[in-house]
2 protein chains.
Amino acid sequence: MVKQDFTITTYEVRDIRFPTSQHLDGSDAMNKDPDYSAAYVIFYTDDKQVEGHGMTFTCGRGTEVCCSAIDALAGKFINKKLSELIVDMRATHRICTGDSQLRWIGPEKGAIHLATAAVINAIWDLWAKAEGKPLWKLVVDLTPEQFVQAIDFRYITDAITPEEAIELLKQNEAGKAAREAEMREKGYPAYTTSAGWLGYSDDKVRRLCREAKEQGFTHFKQKVGGDKASDIRRAQLIREEIGDEGVLMMDANQVWDVKEAITWMEDLLQFKPHFIEEPTSPDDVLGHAAIRKALYPRTRVATGEHIQNRIIFKQLFQAEAIDFCQIDSCRVAGVNEILSILLMARKFNIPVVPHAGGVGLCEYVQHLSLIDYICVSATTEGRILEFVDHLHEHFLDPVVMKNGKYMTPLAPGYSIQMKRESIEDYTFPEGKVHKELAASK
Amino acid sequence: MVKQDFTITTYEVRDIRFPTSQHLDGSDAMNKDPDYSAAYVIFYTDDKQVEGHGMTFTCGRGTEVCCSAIDALAGKFINKKLSELIVDMRATHRICTGDSQLRWIGPEKGAIHLATAAVINAIWDLWAKAEGKPLWKLVVDLTPEQFVQAIDFRYITDAITPEEAIELLKQNEAGKAAREAEMREKGYPAYTTSAGWLGYSDDKVRRLCREAKEQGFTHFKQKVGGDKASDIRRAQLIREEIGDEGVLMMDANQVWDVKEAITWMEDLLQFKPHFIEEPTSPDDVLGHAAIRKALYPRTRVATGEHIQNRIIFKQLFQAEAIDFCQIDSCRVAGVNEILSILLMARKFNIPVVPHAGGVGLCEYVQHLSLIDYICVSATTEGRILEFVDHLHEHFLDPVVMKNGKYMTPLAPGYSIQMKRESIEDYTFPEGKVHKELAASK
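All residue numbers refer to position in the chain's written sequence, counted from 1. A letter from A marks each chain and a number from 1 marks each ligand, given out in the order of writing. Under the rules for a predicted model, residues below a pLDDT of 70 receive no local features and side-chain atom pairs below 80 are neither given nor counted, while totals for whole chains, interfaces and linings still include all residues. Based on all heavy atoms of the structure, the side-chain values leave hydrogens and waters out of the count.

**Quick word on the side chain of A:Ser281**
Defined as follows: Strands are runs of DSSP state E lasting at least 2 residues, helices are runs of H or I lasting at least 4, and numbering of each runs from the N terminus. The buried label goes to any residue with under 20% of its type's maximum accessible area, the exposed label to any with over 50%, and the partly exposed label to all in between, with areas taken from a 1.4 Å probe on protein chains only. Polar contact criterion, stated in full: a pair of N or O atoms within 3.5 Å, where within protein one must be able to donate a hydrogen and the other to accept it, and residues adjacent in sequence count only if both atoms are side-chain atoms. In this description, contact between two residues means that some pair of their heavy atoms is separated by no more than 4.5 Å.
Its location among the elements puts A:Ser281 in the loop between β7 (275-277) and α12 (285-295). A:Ser281 gets classed as buried once you look at its relative accessible area, which sits at 1%. Among the polar contacts listed, one links the side chain of A:Ser281 to the backbone nitrogen of A:Asp283, at a separation of 3.0 Å. Setting aside residues up to four positions removed in sequence, A:Ser281 forms contacts with A:Trp256, A:His288, B:Tyr155 and B:Ile311.

Here it is as structure tokens:
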């Protein structure tokens, strides 16, 4: 069943924090001072050469809570053989989400679900390494039946059934090889969020816009929702830099109530925003639907990085609440649940535009967009992958960008393995970097 | 502002677990083997006599995750004076929910929100003790303006504004004293879940039904969703015991998908269930609306114990998805958020029927139903408070039941303070009870 088999012998959990708040990288109206962090897990095996790595992205404080949740889950995999786990990936996913006691603190949401992503992604990383393939290739090589067998359809059968899902995948079988070849040659188109953080000065925003244009980017994202006059001033200067042909996206990071989102955006429509991202609470399906109804087609609605699971995504699709589906590789329970969301997005004809940035998210999502293109949606129309140029240097196989595109990753695994030195130095609070920071205060 | 003022000096967090899974108390189709547990916090003050106690209910494994989350929050209250905290309870609530880094692992959901409930409820407990009042009395004595000042209206202003909320409360001012006197005399009506657990034998169910009837209960709850033939058999025998005049409620604990819920309930309608509780995922607003549309008025839909926050409740009301609002005292962020849900339920004319059981939930919710009756809904019509007769012996001021009613609590505080001996004996894993259990295995 699997090229090489391993038994998981032990695991290690690390609380890894990068002190990014010192430079206001990643600052927006809601997340004012994130320290990009990772609740990180390593599964060790009886083959000393091969480890499964996974992480969930966090913002500093609270990483320890996710680490505690990983501890509650990872032990369940000790002494399991990889071949046992992958023979029924739906059951493997449910080892985490179906624990009759742990589900009380979710179910399938918040800290325990973020932790599940780390654990499940580490199992997929291990599987991909065992096959000697990058994760995306492992998945696109699955038969439609195997692909669907990885998905927990609980609570989504009113939107999509396993039979429908298999049918959708079969429709795309013919063109798969050609699309894979195209991706290997050209890569997946990206946009940049690096320029538009709220904490940056106007001059820095202008400079970053120019640099991004020179690098081949055509889509740019601006953070909004702090102060309206400042939003307008900044939208104007970004438009000046990127011209009418540049695509300007706006992101409010959940700061508005429903009516406020509508009136605030009315004043920003003059700058022709492609979409407004996270206009309100990620839990508010009906609120997103109301905002979209008021603003469409003058602008469009996007959300996803805080959408807790497939059940909320299902409703966003059913309620016609969003125009873009911004899946997050850590927010939902890893690869399995992502596959279910890709399929629903395909059925409802909503483009998948993954969330990235932070630490590790770019490394993860490049695989997900490749899976979407090669086997699920079979198109890149309206689809573009977020890129933020932070912290890639800590990974063994970091993303490679060329002319505003993600170059298709080729190394075996899920691209998420951090360098050992980075793991040690940034472990909180005892790593070298944090000791030095504490001493300097 | 406050009768006695204190400064919070330190706090203690405990992981307290009762090994209830040994007897299948609390077993249902989803929660097969809960060990009723509490992530427990104590705020100590400069007055050695007065402590603020709070807890969040959990099911065993995962309690340590909530304890880690409490640790992340409770430290924020050290060196704060009670008078500073209560002068703006909305701001105090936001100390927990608005942390710019911690909110990533929610926001306002899952482990961090359960932890917030423990912390915020401990602050209310401290305040009530400082005033020498039971929690319900502290709240009903607030002016409408003070009551509303405790609420975070973020994300719910499209359903209710502060001005509307004040208006609703003012409408009820006149009758408050009479309703309070009535409650002090007669208590609040209850129903029992003790009889219907899935893990009990038919004979035990019959016996418990008879005992409950003799104790004055008129409403009975049956767990369903495990095996349909067994659900039918049990519904029949409970009906035999409670007669046509008894009210039979059914609870599926989230086991069904949307269409399955409808078809399964079609076969149980012959037993005239008052409502079906948790027919599907608590995250599925549109799913509940579809189920209600199919079954109403042959039966009604109830949910709440797993509804993560006021934003999902808002949508359940807006979508006409439920007939009964089953708030949980720990699932949402404590008293403040509960007040917002009571007000929305009042505005949408949905009766509040709190969830209780587990450990500590009965002690908590009796206060909430009193607040609902005395100042918010001003009626008990269609309202009834869950009661489960487990684990009350561990509390200093346990609930008192008479003739199927909760007797109104009179001791200062939120009734949630556990006996010191229980805290020590049941602390996991080092308490006496757990050491003995481990040794006996």
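The discussion continues.
**Digging into the interface of chain A and chain B**
Counted only if it meets this: Accessible area, probed at 1.4 Å, shrinks when two parts are joined; the buried area is that loss added up over both. Take a side-chain nitrogen of Lys or Arg and a carboxyl oxygen of Asp or Glu: if they are within 4 Å of each other, that pair is a salt bridge. We call Asp, Glu, Lys and Arg charged. Ala, Val, Leu, Ile, Met, Phe, Trp, Tyr, Cys and Pro are nonpolar, and the rest, Gly among them, are polar.
In this complex, chain A contributes 62 residues to the contact, which on the side of chain B involves 62 residues. Buried area between chain A and chain B, both sides added, is near 5,200 Å², and the carbon and sulfur share of it is 51%. On inspection of chain A and its partner chain B, the count reaches six salt bridges. Measuring nitrogen to oxygen at the nearest pair gives 2.5 Å for the salt bridge that ties A:Asp284 to B:Lys314. Our count for the chain A to chain B interface comes out at 43 residue pairs in polar contact (both at pLDDT 80 or more). At the level of elements, β3 (51-58), α1 (63-74), α4 (110-131), α11 (258-266), α12 and α13 (310-318) of chain A are the ones that each hand at least two residues to the side of chain A that touches chain B. Here the side of chain A that touches chain B is built from residues that sort into 26 nonpolar, 19 polar and 17 charged.

**Details of the nonpolar core**
What counts is decided by this rule: To form a nonpolar core, buried Ala, Val, Leu, Ile, Met, Phe, Trp, Tyr and Cys residues must be joined to one another through side-chain atoms within 4.5 Å. Segment limits for the domains were obtained from an automatic or database-derived domain assignment.
Grouped together as the largest cluster of nonpolar side chains are 298 residues, with contacts concentrated most on A:Phe147, A:Ile371, B:Phe147 and B:Ile371. Of the residues that make up this core, three or more belong to each of domain 1 (8-158 + 421-435) and domain 2 (169-419) of chain B. For B:Ile371, the residues in contact, after removing those within four places along its chain, are B:Leu135, B:Trp136, B:Val139, B:Val140, B:Phe147, B:Leu339, B:Leu342 and B:Val376.

**Observations concerning the sheet that holds β3(A)**
Residue and element names in this part refer to chain A. The test is simple: Here, a strand pair is defined by DSSP locating no fewer than two bridges between the strands. To obtain each axis, a line is fitted to C-alpha atoms, and for helices this fit is confined to the stretch in contact; angles are then taken between N-to-C directions over 0 to 180 degrees.
An order of β1-β2-β3 is seen for the three strands of this open sheet, with the pairing classed as antiparallel. Each end of this open sheet is capped by a strand with a single partner; those strands are β1 (8-17) and β3. Going from strand to strand, the sheet's axes swing by 15° on average, the running direction of each strand aside. When strand β2 (residues 37-45) meets β3, the two strands line up antiparallel, connected through eight bridges. Paired with Ser37 across the two strands is Thr58, which belongs to β3.

**Here we look at the environment of B:Lys48**
By secondary structure assignment, the location of B:Lys48 is in the loop between β2 (37-45) and β3 (51-58). Taking the relative accessible area as the measure of exposure, B:Lys48 reaches 68% and is therefore exposed.

**Re the packing of aromatic side chains**
Basically, it comes down to this: Pairs were defined over the aromatic rings of Phe, Tyr and Trp, the Trp ring being its six-membered one, requiring ring centres within 6.5 Å. Orientation was assigned from the angle between planes: stacked under 30 degrees, edge-to-face over 60, tilted for the rest. Two limits define a charge over a ring: the Lys NZ or Arg CZ must be within 6 Å of the ring centre, and within 35 degrees of the ring normal.
Overall, the coordinates contain 24 aromatic pairs over all chains when judged by the stated rule. Taken together through their ring pairs, the aromatic side chains of A:Tyr36, A:Phe57 and B:Trp104 make up a single cluster. Over the ring of A:Tyr200 we find A:Lys204, and its NZ or CZ is 3.9 Å from the ring centre. Its guanidinium or amino end placed over the ring of B:Phe428, B:Arg17 lies 3.9 Å from that ring's centre, counting from NZ or CZ.

**Notes on the UniProt feature "domain: Mandelate racemase/muconate lactonizing enzyme C-terminal" (unreviewed entry) in chain A**
For clarity, the cut-off: UniProt positions are given in the numbering used here, feature names are shortened, and annotations may be inferred rather than shown by experiment.
As annotated in UniProt, the feature "domain: Mandelate racemase/muconate lactonizing enzyme C-terminal" (unreviewed entry) corresponds to residues 202-298 of chain A in the numbering used here. Across residues 202-298 of chain A, the secondary structure splits into 49% helix and 13% strand, with the terminal C-alpha atoms separated by 26 Å.

**A word on the relation of the copies chain A and chain B**
Short version of the rule: Least squares is the method used to superpose the copies, on C-alpha atoms of residues holding a pLDDT of at least 70 in both.
Between chain A and chain B, the superposition needs a rotation of 180° and an axial shift of 0.0 Å, giving an RMSD of 0.0 Å. The transformation relating the two chain copies, once decomposed into turn and shift, fits a two-fold axis. Identified as the residue of chain A closest to the rotation axis by C-alpha distance is A:Gly110, at 2.3 Å. A symmetric contact is evident, with 100% of the interface residues of chain A recurring at the interface of chain B.

**Quick notes on the state of the cysteines**
Put simply, the rule is: The criterion for a disulfide is a pair of cysteine sulfur atoms lying within 2.5 Å.
Counting across every chain of the model gives zero disulfides over all chains. Unpaired in this structure, A:Cys66 has its nearest cysteine sulfur neighbour in A:Cys67, at a distance of 7.2 Å. Counting only cysteine sulfurs, B:Cys362 is the nearest neighbor of B:Cys209, a cysteine outside any disulfide, at a range of 18 Å. Here B:Cys209 falls in the buried class, since its relative accessible area comes to 1%.

**Topic: helix α1 (residues 63-74) of chain B**
We apply this condition: Expected span of a helix: the number of residues minus one, times 1.5 Å.
With 12 residues, α1(B) ought to run about 16 Å at 1.5 Å a step, and its terminal C-alpha atoms sit 16 Å apart, in line with that. Among the residues of α1(B), those classed as buried are B:Thr63, B:Val65, B:Cys66, B:Cys67, B:Ser68, B:Ala69, B:Ile70, B:Ala72, B:Leu73 and B:Ala74. For α1(B), the elements touching its buried residues are α1 of chain A together with β1 (8-17), β2, β3, α3 (89-97) and α4 (110-131) of chain B.

**Things to note about the packing of helix α7 (residues 162-171) of chain A against helix α14 (residues 335-347) of chain A**
All names here are of chain A. Stated formally: Convention used here: angles under 35 degrees read as roughly parallel, angles over 145 as roughly antiparallel, angles from 65 to 115 as roughly perpendicular, and any remaining angle as oblique.
Relative to each other, α7 and α14 sit at 75°, their axes nearing to 11 Å. Classified by the angle their axes make, α7 and α14 are roughly perpendicular. Within the contact between the two elements, α7 uses Glu164, Ala165, Leu168, Leu169 and Gln171 and α14 uses Leu343, Arg346 and Lys347. Looking at the contact of α7 with α14 residue by residue, the classes come out as four nonpolar, one polar and three charged.

**Quick word on the pattern of salt bridges**
When their charged atoms lie close together, side chains carrying opposite charge are able to pair. Taken as a whole and assessed by the stated rule, the structure comprises 72 salt bridges over all chains. Of the charged contacts in the structure, one is a salt bridge between A:Arg206 and A:Glu240, with a shortest N-O distance of 3.1 Å. You can see A:Arg206 sitting in helix α9 (residues 202-214) and its partner A:Glu240 sitting in helix α10 (residues 228-242), a full 34 residues away along the chain. A salt bridge links B:Arg207 to B:Glu211; the shortest N-O distance between them is 3.2 Å. Of this pair, B:Arg207 and B:Glu211 both sit in helix α9 (residues 202-214), four residues apart, roughly one helical turn. Each member of the salt-bridge network shares a partner with another, and the members are A:Lys133, A:Lys137, A:Asp141, A:Glu180 and A:Arg184.

**Structural notes on helix α7 (residues 162-171) of chain B**
All names here are of chain B. In plain terms, the rule: Note that the arc is defined by the directions from the helix axis to the C-beta atoms.
Turning to α7, its buried residues number three or more, namely Ala165, Ile166, Leu168 and Leu169. Projected onto a plane normal to the axis of α7, the buried residues spread over an arc of 160° and lie on a single side. Each element contacted by the buried residues of α7 is listed here: α6 (144-149), α14 (335-347) and α15 (361-376).

**A short note on the environment of B:Gln49**
Residue placement: B:Gln49 occurs in the loop between β2 and β3. Sequence spacing of B:Gln49 and B:Lys402 is 353 residues, and the spatial spacing of their C-alpha atoms is 31 Å.

**Thoughts on the packing of α4(B) against α14(B)**
Residues and elements named next belong to chain B. Viewed as axis vectors pointing N to C, α4 and α14 meet at an angle of 100°, and their least axial separation amounts to 8 Å. Overall, the two elements α4 and α14 adopt an arrangement that is roughly perpendicular. Where α4 approaches α14, its residues His113, Ile120, Asn121 and Trp124 are matched on the opposing element by Val335, Asn336 and Glu337. Taken together, the residues that form the contact of α4 with α14 break down as three nonpolar, three polar and one charged.

**Let's talk about unusual backbone geometry**
Residue and element names in this part refer to chain A. Of the consecutive residues Gly106 and Pro107, the connecting peptide bond is found in the cis state with omega at -10°. Residue position: Pro107 is located in the loop between α3 (89-97) and α4. Omega for the bond connecting Tyr296 with Pro297 falls within 30 degrees of zero, at 0°, which places this linkage in the cis form. Turning to its location among the elements, Pro297 is positioned in the loop between α12 and β8 (300-303).

**A word on the pairing of strand β8 (residues 300-303) of chain B**
All names here are of chain B. Stated formally: Looking down the strands as they point away from the viewer, one classifies a crossover as right-handed if the path from the first strand across the helix to the second runs clockwise.
When strand β7 (residues 275-277) meets β8, the two strands line up parallel, connected through three bridges. When the sheet's bridge partners are listed, Ile276 is paired in β8 with Val301. Sheet topology places β8 next to strand β9 (residues 324-325); two bridges connect them, and they run parallel. For Ala302, the partnering residue across the bridge sits in β9 and is Phe324. Viewed along the sheet, the connection from β8 through helix α13 (residues 310-318) into β9 turns out right-handed.

**With respect to the sheet that holds β1(B)**
Residue and element names in this part refer to chain B. The three strands lie next to each other as β1-β2-β3, forming an open sheet whose pairing is antiparallel. Only two strands of the sheet have a single neighbouring strand rather than two, namely β1 and β3. Sheet twist, expressed as the average angle between the axes of neighbouring strands with direction ignored, equals 15°. Packing of α1 onto the sheet brings it into contact with β1, β2 and β3, and relative to β1 it is tilted by some 175°.

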